[in-house]
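What the coordinates show
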2 protein chains.
Amino acid sequence: MVDAVTPAEQPRRRGRPTTPLLSQEKITQAAVELINLRGYAALTMSALARRLEVAPSALYNHVKSKRQLLLWIQDHVNMEIDCSDFGVRPWDVALESWARSYRDAYARHSPLVPVIAVTPIAGSPHTVAMYERVAAGLRAGGWPDDQVMDVVVAVESFVLGSALDVTAPDDIFDVPSDQAPVLAEVVGARVGRDAARAAFDLGLATVLAGLRDRLKALGG
Amino acid sequence: MVDAVTPAEQPRRRGRPTTPLLSQEKITQAAVELINLRGYAALTMSALARRLEVAPSALYNHVKSKRQLLLWIQDHVNMEIDCSDFGVRPWDVALESWARSYRDAYARHSPLVPVIAVTPIAGSPHTVAMYERVAAGLRAGGWPDDQVMDVVVAVESFVLGSALDVTAPDDIFDVPSDQAPVLAEVVGARVGRDAARAAFDLGLATVLAGLRDRLKALGG
């Protein structure tokens, strides 16, 4: 059922509209831009209203609290994550493509990593749907119910840590060789590579191999 | 050699000292407390001076910039990490105890996770010494030079993501079962456990098993 309002029933607006039209999408997009530019601590309802060029009261007409806004942001970013292999391809193949797109999404939104890591998913419908699909895919792959969330959280922890690492400066481990000769040599040995990508690839392959062995040992 | 100053050589202070004595340790401790209470964004030189009950100029006499302060903070927290098994016990045993104490240290200082993930280590001498010991231990364990830092960064990514997860609320995955029936069941199946601990234990065991297999395949 839709609460339809025919044009004839709409009150005629007098003069120009005083505020631009707001929507969940427009508000969320502006909030994500603000966070990417100035960090999560800079996201206040008043700063967001200024960015949207509306009065705070107009913003509060659409989103009742910063809490509500955060649930929208969570859903907005998580929609960039591809979980479509779950239920279609083997669990480990699906887990790999999910982890890769998850890491890429949060590498684009790294100031959100520490926030999303502690935000309940209830109230973010696309996020809930994503986890439902991941959980069903792991269960169908043979993971026992009481280990499914451990697998999910372990992979997520690696993914979110890796998303932070993408933003690390290239010189993060540069040290004078007289201070730390072995470190200087092994850091030098990786020159020319995308360091964050290489570490993520090694880590993800390692996690997947370890999980396959673990499931095999469980008789799965 | 010590630049000793005998009491007789010290100029007599006139009247009461106008500022309490500052030291690297005292300043760093106050900065860490401020971050744990109010987040990293709240750490400004002027807020820190207020907390220490000194004038900003007195603070700047000891630490020349927020950048310098951050290097002190990094070293201060990383001194809580135990890397003493490297060079003494097998590389995988050492990697496990290092990862556990690393995760526990940053679980106590979770607002620092996104900051430390992107802070160069040069200028933090204890931190440099820690990485030197870890790198030498992995090399001695048979890891080829060009993979040592990939192993370190992959494990660190998992550790830092897991440290953030320690601060997640217990209800983070709670959803109505009519919205996400499988998710609700697998989340219910872990009730009564320390969820963050269980996910970390599973993930760490998985990473270590995967790394042992990888090194074996390299002929190490």
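The following paragraphs examine the structure supplied in this document. Residue positions within a chain follow its written sequence, with the count starting from 1. Chains and ligands are labelled sequentially in the order written, the chains with letters from A and the ligands with numbers from 1. Totals for whole chains, interfaces and linings use all residues, but because this is a predicted model, local features are given only for residues with pLDDT of at least 70 and pairs of side-chain atoms are given and counted only at 80 or more. Side-chain measures were taken over the full set of non-hydrogen atoms in the model, leaving aside hydrogen atoms and water.

1. Things to note about the overall build of chain A
Keep this limit in mind: By the criteria applied, helices consist of DSSP H or I runs no shorter than four residues and strands consist of E runs no shorter than two, each listed in order from the N terminus. This radius of gyration counts C-alpha atoms alone. The globule rule is 2.2 Å times how many residues there are, raised to the power 0.38. Burial classes follow relative accessibility: with a 1.4 Å probe on protein chains only, a residue under 20% of its type's maximum area counts as buried, one over 50% as exposed, and anything between as partly exposed. We call two residues contacting when some pair of their heavy atoms lies within 4.5 Å. Using a 1.4 Å probe, accessible areas were evaluated by the Shrake-Rupley method; residue-level cover was limited to the displayed protein chains. For the purpose of charge, His is not counted, nor are the chain termini; Lys and Arg are scored as positive and Asp and Glu as negative. Every charge is mapped onto a representative atom, which is NZ of Lys, CZ of Arg, CG of Asp or CD of Glu.
Helix and strand counts for chain A come out as ten helices and zero strands. Secondary structure elements in chain A, listed N-terminal to C-terminal, are α-α-α-α-α-α-α-α-α-α. The globule rule puts the C-alpha radius of gyration for 220 residues at 17 Å, and the 23 Å found for chain A is more than 25% above it. Structurally, chain A occupies a C-alpha span of about 75 × 50 × 25 Å along its principal axes. Sorting the 220 residues of chain A into buried and exposed places 50% on the buried side. Within chain A, counting contacts between residues at least 6 apart in sequence, those at least 24 apart form 71% of the total. Surface exposure of chain A reaches about 10,700 Å², of which carbon and sulfur atoms provide 52%. Of the side chains in chain A, 23 bear a positive and 26 a negative charge, and the two mean positions are spaced by 10 Å.

2. Here's the deal with the relation of the copies chain A and chain B
Note the cut-off: Only residues with pLDDT of at least 70 in both copies contribute their C-alpha atoms to the least-squares superposition of the copies.
Expressed as a screw operation, the relation of chain A to chain B combines 0.0 Å of axial shift with a rotation of 180°, fitting to an RMSD of 0.0 Å. Both copies are brought into coincidence by an operation consistent with a two-fold rotation axis. An overlap of 100% is found between the interface residues of chain A and their copies at the interface of chain B, pointing to a shared contact surface.

3. Considerations on the side chain of Ser-110 of chain A
By secondary structure assignment, the location of Ser-110 of chain A is in the loop between α5 (91-108) and α6 (113-116). In this structure Ser-110 of chain A touches Ala-163, Leu-164 and Thr-167 of chain A, once residues within four positions along its chain are discounted.

4. With respect to the packing of aromatic side chains
Any pair of aromatic rings gets described here by the distance separating the centres and the angle formed by the planes. Residue and element names in this part refer to chain B. Just so we agree on the cut-off: Put simply, two rings from Phe, Tyr or Trp (the six-membered ring, in Trp's case) pair if the centres are within 6.5 Å, and we call them stacked under 30 degrees between planes, edge-to-face over 60, tilted for the rest.
Overall, the coordinates contain twelve aromatic pairs over all chains when judged by the stated rule. Arranged with centres 5.5 Å apart and planes meeting at 90°, the rings of Trp-91 and Trp-143 form a pair that is edge-to-face. One end of the pair, Trp-91, is in helix α5 (residues 91-108); the other, Trp-143, is in the loop between α7 (125-140) and α8 (145-166), and 52 residues separate them in sequence. Of the two residues, Trp-91 and Trp-143, neither departs from the other in class, the shared state being buried. Geometrically, the ring pair formed by Phe-158 and Phe-200 is stacked, given 5.4 Å between the ring centres and 5° between the ring planes. Taken as a pair, Phe-158 in helix α8 and Phe-200 in helix α10 (residues 195-217) lie far apart in primary sequence, 42 residues in all.

5. Concerning unusual backbone geometry
Residues and elements named next belong to chain A. Phi is positive for Glu-53, which is not a glycine, with a value near 55°. Here Glu-53 lies in the loop between α2 (45-52) and α3 (56-62). On the basis of relative accessibility, which here comes to 68%, the residue Glu-53 falls in the exposed class.

6. What about the environment of Asp-92 of chain B?
Residues and elements named next belong to chain B. Heads up, the rule is: Contacts described as polar in this section are N or O atom pairs within 3.5 Å, which, within protein, must combine one atom able to donate a hydrogen with one able to accept it, while residues neighboring in sequence count only if both atoms come from side chains.
Counting through the fold element by element, Asp-92 comes out in helix α5. Along the chain, Asp-92 and Gly-137 lie 45 residues apart, while their C-alpha atoms are 9.5 Å from each other. When near neighbours in sequence (up to four residues on either side) are disregarded, Asp-92 contacts Leu-208 and Arg-212. In terms of polar contacts, Asp-92 uses its side chain to reach the side chain of Arg-212, at 2.8 Å.

7. A look at the interface of chain A and chain B
Formally: By definition, the buried area sums, over both parts, the 1.4 Å-probe accessible area that each loses when the two are put together. By definition, a salt bridge exists where a carboxyl oxygen of Asp or Glu is found within 4 Å of a side-chain nitrogen of Lys or Arg.
With 63 residues of chain A at the contact, the number on the chain B side is 63 residues. Of the roughly 5,200 Å² buried where chain A meets chain B, counting both sides, 70% is carbon and sulfur surface. Where chain A packs against chain B, one counts four salt bridges. Taken together, the links from chain A to chain B amount to twelve residue pairs in polar contact (both at pLDDT 80 or more). Of all the secondary-structure elements, those providing two or more residues to the side of chain A that touches chain B are α6, α7 (125-140), α8 (145-166), α9 (181-188) and α10 (195-217) of chain A. Considering every element that reaches the side of chain A that touches chain B, the biggest residue donor is α8 of chain A, with 16 residues.

8. Digging into the nonpolar core
Filter applied, for reference: The term nonpolar core refers to a set of buried residues drawn from Ala, Val, Leu, Ile, Met, Phe, Trp, Tyr and Cys, joined through side-chain atoms within 4.5 Å.
In terms of nonpolar packing, the biggest core is built from 150 residues, with Trp-98 and Tyr-106 of chain A together with Trp-98 and Tyr-106 of chain B touching the most fellow members. Every residue in contact with Tyr-106 of chain B, bar those within four places of it in the chain, is listed here: Gln-74, Val-77, Asn-78, Ile-81, Leu-112, Val-113, Ile-116, Leu-160 and Ala-163 of chain B.

9. Re the packing of α10 of chain A against α8 of chain B
Helices that pack against each other are described as a pair by the angle of their axes relative to one another and the distance between those axes. Note the threshold: Axis lines are fitted through C-alpha atoms, for helices just across the contact stretch, and the angle between N-to-C directions can take any value from 0 to 180 degrees. Between 65 and 115 degrees an angle is taken as roughly perpendicular, under 35 as roughly parallel, over 145 as roughly antiparallel, and anywhere else as oblique. When residue character is reported, Ala, Val, Leu, Ile, Met, Phe, Trp, Tyr, Cys and Pro are called nonpolar, Asp, Glu, Lys and Arg charged, and the others, Gly included, polar.
Their axes nearest at 8 Å, the elements α10 of chain A and α8 of chain B cross at an angle of 75°. For the element pair α10 of chain A / α8 of chain B, the angle class is roughly perpendicular. Residues Ala-195, Ala-198, Ala-199, Leu-202 and Gly-203 of chain A of α10 of chain A lie in contact with α8 of chain B, whose contacting residues are Gln-147, Asp-150, Val-151, Val-153 and Ala-154 of chain B. In terms of residue class, the contact of α10 of chain A with α8 of chain B is built from seven nonpolar, two polar and one charged.

10. Side note on the pattern of salt bridges
Counted according to the given criterion, the structure contains 20 salt bridges over all chains. Note that Arg-100 of chain B is salt-bridged to Glu-96 of chain B, the shortest N-O span being 3.1 Å. With Arg-100 of chain B and Glu-96 of chain B both in helix α5 and four residues apart, this pair spans about one turn of that helix. Taking relative accessible area as the criterion, Arg-100 of chain B reaches 26% and is therefore assigned partly exposed. For Glu-96 of chain B, a relative accessible area of 29% translates into the label partly exposed. Within the structure, one salt-bridge network assembled from shared partners comprises Glu-96, Arg-100 and Asp-201 of chain A.

11. Some thoughts on α10 of chain A
Residue and element names in this part refer to chain A. To keep things clear, this is the line we draw: Here, expected helix span is obtained from the residue count minus one, scaled by 1.5 Å.
End to end, α10 covers 33 Å across 23 residues, agreeing with the expected 33 Å (1.5 Å per residue, within 8%). At the N-terminal boundary of α10, the capping side chain belongs to Asp-194, with an oxygen 3.3 Å from the backbone nitrogen of Ala-196. Looking one or two residues beyond α10, the residue adopting positive phi is Gly-219, at roughly 85°.

12. What to know about a negative patch on the surface
Residue and element names in this part refer to chain A. Just so we agree on the cut-off: Only residues above 30% relative accessible area that lack a salt bridge enter a patch, with like-charged residues linked at up to 9 Å and the nonpolar side chains Val, Leu, Ile, Met, Phe, Trp and Tyr linked at up to 5 Å.
The grouping of Asp-170, Asp-171, Asp-174 and Asp-194 at the surface amounts to a negative patch. Among the structural elements, Asp-170 can be located in the loop between α8 and α9. On the accessibility criterion, Asp-170 (76% relative accessible area) is exposed.

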